[in-house]
Structures are given as C-alpha cells and as structure tokens.
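Coordinates in review
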Amino acid sequence: ALANSSILSDTRVVDNAQSSLNPTSIDDQKIYLIAIALAMVIGIFSINTKEFLNKNILFRKEIERRITFPIIAEIAFQAHSNPVVIESGKSSQIAEEFRMLRTSLLFLGIEKNNKKILITSTIPGEGKSFITLNLALSLALSGKKVVIAEFDLSNPTLSNKLGLEARGLGVADYLAGDVSIESVITPLKQYPNLFIATAGTLPKNPSELILGNRTDKLLEYLENNFDIVLVDSAPVGLMSDGYVLSRQCNATLYVMRHGHTPKKVLDRLEKNNRINYLN
C-alpha cells in the first residue's frame with residue numbers, strides 16, 4: 001500500500017472542460033491593425049528624431065523662420081555630369097526653374113541702371129558657381145549681354161566648369177596691376193552673349209586685392225559695357241570678400257543647399273547682415 005501510494009497522481013479533476021459549437025481563434029484583423037499602428041508610430045518617431053538631430057537645413061520653413069530675406073527661387077537637385085543645364089531650344093524642369101529665377105530678378109530691382117548681382121554662399125559645395133553659370137546662360141539666351149566676374153580668388157571653379165585655362169589672365173592679374181581690363185575678359189564662343197573674367201593667377205592676399213581701388217574700376221567698366229554683371233564671390237563663411245563686394249553690387253543672391261548648409265549659419269547670417277548691410 002505504501003509503495004502504491006507513492007506513485008499515485010496528486011492531481012484531480014475539479015470540473016470538466018466546457019466547449020461550444022463556435023471555435024475560438026486569433027483575431028487576425030486586430031493584430032494587423034496593431035502592427036500597422038506600431039510601425040507608423042515607430043517610423044514617425046524615427047524620422048522626427050533624425051530630423052531633430054540633423055545639423056543641416058532640410059526644409060524651406062527653417063530658412064524663413066530664421067532670416068528676414070525673401071526666398072526668390074528653388075532649384076531642384078539633378079545629378080548630372082555636365083554642369084551646364086541650360087541649352088537653347090531645350091526645355092526641362094531645372095531649366096524652367098532657372099527661368100523663374102531670371103524673372104524674379106525684376107523684383108530685386110535689376111534693370112538698366114541696376115545690373116550688378118553678387119552671388120555667394122556660406123561654405124564650399126553649396127552650388128554657388130553652378131547657379132552663377134546657368135543663371136548667366138539663361139540671361140544670355142534672353143538676349144542680354146552678360147559677363148561673369150570670378151571674384152572667388154581662393155578656390156575658383158567656374159573655369160573648370162567651362163573648360164577654360166584655370167590659371168590664365170584674370171581678375172586677380174588686373175587687381176594686381178599687371179594687365180588691362182580688356183585682356184581679362186573672354187567671350188565664350190559656344191554661348192553667344194556670354195563673357196567671363198576668370199579668377200586668373202591666384203594671389204596670396206585676395207582680400208587685400210579686392211579692397212583696392214581697381215575693384216571699383218573693374219566693376220564700373222563691366223557695368224558700362226554689359227547688360228548684366230554677375231559677380232561670383234568666395235563663400236562668406238570662410239572669407240569676408242562677399243561683404244566687401246556686396247556694397248558695390250545692386251543685389252545679392254545667397255545660395256543654400258538642402259542637406260548641406262548648416263542650420264547654425266542662419267542666425268549668424270541674419271546678425272552679420274544687419275552689421276554689414278548685405279543687400
């Protein structure tokens with residue numbers, strides 16, 4: 001008896017199980033809805049966190065919220081090996097955007113007596129020279145006699161984009177007093193009505209050269225002999241040349257690039273503009 005009692009089960013049936021004719025199963029629809037909701041919440045949280053931690057400009061509203069100057073054009077990014085996107089007789093989305101920019105210049109007061117436009121940015125790589133070149137082409141195609149003055153005497157890139165000799169006679173050579181104005185202006189045969197004064201031989205003291213009296217004489221000559229003068233300046237985040245040249249120009253186009261221009265420069269730009277009167 002003692003041996004049998006040791007192997008007896010200590011479990012008992014308290015109540016018999018009950019069942020129904022309708023089987024119970026997992027609610028698939030409810031599970032799918034919960035999974036979709038969780039995925040959306042996680043996705044929105046991840047995107048907002050990424051945008052909050054991003055230090056570069058991502059949205060137009062970020063610019064409008066921090067600076068008082070108007071945004072006159074938005075140029076879409078287009079991956080292309082050729083920096084020239086404006087061609088006669090051809091239409092594209094980016095070409096239309098440059099035409100809109102050309103039209104917006106009228107609101108800046110660019111006309112017969114106000115024709116000098118400074119183009120600058122904060123840091124390299126924001127597309128300043130790309131904008132300068134294609135805006136010049138768009139203006140030239142409209143029948144205007146356009147000249148580009150490459151005043152970026154530290155890191156010029158327009159010469160390479162146009163396939164010109166990077167170290168030929170140019171703006172720096174004239175400012176140094178070595179050559180005449182006429183010798184630094186080159187007509188671009190492949191682009192009618194378009195001329196360029198390249199940077200030339202890069203100096204060791206570009207800011208001091210730009211502060212000289214010959215800068216005024218060069219810009220005055222270009223103003224008297226061309227319909228539109230585009231001045232390509234060095235980024236103002238690295239050098240002060242843009243602020244110096246802005247006083248001698250009638251309008252300034254400040255280029256910013258999505259995902260590249262730091263947000264912190266916006267507040268500094270607004271503050272510097274109040275001090276330096278960047279128009």
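Refer to the structure printed above.
These figures come from a predicted structure and were not determined experimentally.

Let us now look at helix α4 (residues 93–104). Compared with an ideal rise of 1.5 Å per residue, which puts twelve residues at 16 Å, α4 spans 17 Å between its outermost C-alpha atoms and is within 8% of the ideal. Of the residues making up α4, those classed as buried are Ile 94, Ala 95, Glu 97, Phe 98, Leu 101 and Ser 104. Where α4 is buried, its residues meet α5 (128–141) and β6 (251–255).

The next subject is the packing of α4 against α5. The geometry of α4 relative to α5 is characterised by a closest axis approach of 9 Å and an angle of 80° between their N-to-C directions. Taken together, the axes of α4 and α5 lie roughly perpendicular to each other. Only Phe 130, Ile 131, Asn 134, Leu 135, Ser 138 and Leu 139 of α5 make contact with α4, whose side of the interface consists of Ile 94, Phe 98, Arg 99, Leu 101 and Arg 102. Residues belonging to the contact of α4 with α5 are distributed by class as follows: seven nonpolar, two polar and two charged.

What follows concerns the nonpolar core. Within the largest apolar cluster, 30 residues are counted, with the highest numbers of intra-cluster contacts made by Ile 117, Leu 135, Val 146, Leu 194 and Leu 230. Put simply, the parts of the chain that give this core at least two residues each are α4, β1 (116–121), α5, β2 (146–150), α6 (158–162), β4 (194–197), β5 (228–232) and β6. It is α5 that contributes the most residues to this core, seven residues altogether. Among the nonpolar cores identified, the runner-up in size contains 26 residues, and Ile 185, Leu 218, Phe 226 and Val 229 belong to it.

Turning our attention to the packing of aromatic side chains. Under the definition given, this model contains two aromatic pairs. Taken together, a centroid distance of 5.9 Å and an interplanar angle of 70° make the contact between Phe 98 and Phe 130 edge-to-face. Of the two residues, Phe 98 sits in helix α4 while Phe 130 sits in helix α5, which places them 32 residues apart along the sequence. Taking relative accessible area as the criterion, Phe 98 reaches 0% and is therefore assigned buried. With centroids separated by 5.2 Å and ring planes inclined at 65°, the aromatic side chains of Phe 195 and Phe 226 adopt a geometry described as edge-to-face. Residue Phe 195 is found in strand β4, and its partner Phe 226 is found in the loop between α9 (213–225) and β5; the two are separated by 31 residues along the sequence.

All right, on to a nonpolar patch on the surface then. Judged by side-chain polarity, Ile 34, Leu 38 and Ile 42 come together as a nonpolar surface patch covering roughly 300 Å² of accessible area. Relative to the assigned elements, Ile 42 resides in helix α2 (residues 28–53). By relative accessible area, Ile 42 is classed as exposed at 53%.

The next subject is the pattern of salt bridges. Applying the stated rule across the entire model yields six salt bridges. In this structure, the salt-bridge partner of Arg 99 is Glu 96, at a minimum N-O distance of 2.8 Å. Highlighted residues: Arg 99 and Glu 96, both in helix α4, separated by three residues, approximately one helical turn. The exposure class of Glu 96 is partly exposed, given its relative accessible area of 37%. Here Asp 232 ties to Lys 128 by a salt bridge, and the two come within 2.9 Å at their closest N and O atoms.

A few words on α9. In an α-helix there are 3.6 residues to a turn, and that puts residues three or four apart on one side. Given a rise of 1.5 Å per residue, 13 residues ought to cover 18 Å, and the 19 Å separating the end C-alpha atoms of α9 matches this to within 8%. Among the residues making up α9, those that are buried are Thr 215, Leu 218, Leu 219 and Leu 222. Down the axis of α9, the buried side of the element spans an arc of 90°, and every buried residue falls inside it. In α9, the exposed residues that point more than 90 degrees away from the buried face are Asn 213, Lys 217 and Asn 224. The elements touched by buried residues of α9 are β1, β2, α7 (171–175), α8 (206–210), β5 and α10 (241–246).

Here the focus is the environment of Asn 224. In this fold, Asn 224 is placed in helix α9. A relative accessible area of 58% means that Asn 224 is categorised as exposed. Sequence-wise, Asn 224 and Lys 115 are 109 residues apart; in three dimensions their C-alpha atoms are separated by 9.7 Å.

Our next topic: the pairing of β4. Side chains Leu 194 and Ile 196 project from β4 onto one buried face, and the interleaved Phe 195 and Ala 197 project onto a second face that is buried too. Alignment of β2 against β4, held across four bridges, turns out to be parallel. Across the sheet, Val 146 pairs through a bridge with Leu 194, a residue of β4. Connecting strand β3 (residues 186–187) to the next strand, β4, in antiparallel fashion are six residues, including Asn 193 with a positive phi near 70°.

The subject of this paragraph is the pairing of β6. Across the five residues that make up β6, a large majority, four, are buried. Taken together, the five bridges between β1 and β6 define a ladder with parallel strand orientation. Note that in β6 the partner of Thr 120 across the bridge is Tyr 254.

Each value, and the rule that gives it
Residues numbered from 1 in each chain as written. Predicted model: local features only at pLDDT ≥ 70, side-chain atom pairs only at ≥ 80, totals over all residues. Heavy atoms only, no water. Helix = DSSP H or I, 4+ residues; strand = E, 2+ residues; numbered from the N terminus. Expected span 1.5 Å × (residues − 1). Buried < 20%, exposed > 50% of the residue type's maximum accessible area, 1.4 Å probe, protein only. Contact = heavy atoms within 4.5 Å. Axes fitted to C-alpha atoms, helices over the stretch in contact; angles between N-to-C directions. Parallel < 35°, antiparallel > 145°, perpendicular 65-115°, else oblique. Nonpolar A, V, L, I, M, F, W, Y, C, P; charged D, E, K, R; others polar. Core = buried A, V, L, I, M, F, W, Y, C linked by side-chain atoms within 4.5 Å. Phe/Tyr/Trp six-rings, centres within 6.5 Å; stacked < 30°, edge-to-face > 60°. Patch = residues over 30% accessible without salt bridge, like charges linked within 9 Å, V, L, I, M, F, W, Y side chains within 5 Å. Areas by Shrake-Rupley, 256 points an atom, 1.4 Å probe, with all protein chains shown as cover. Salt bridge = Lys/Arg side-chain N within 4 Å of Asp/Glu carboxyl O. Arc of directions from axis to C-beta. Pairing = 2+ DSSP bridges.

The analysis is restricted to geometry; functional conclusions fall outside its scope.
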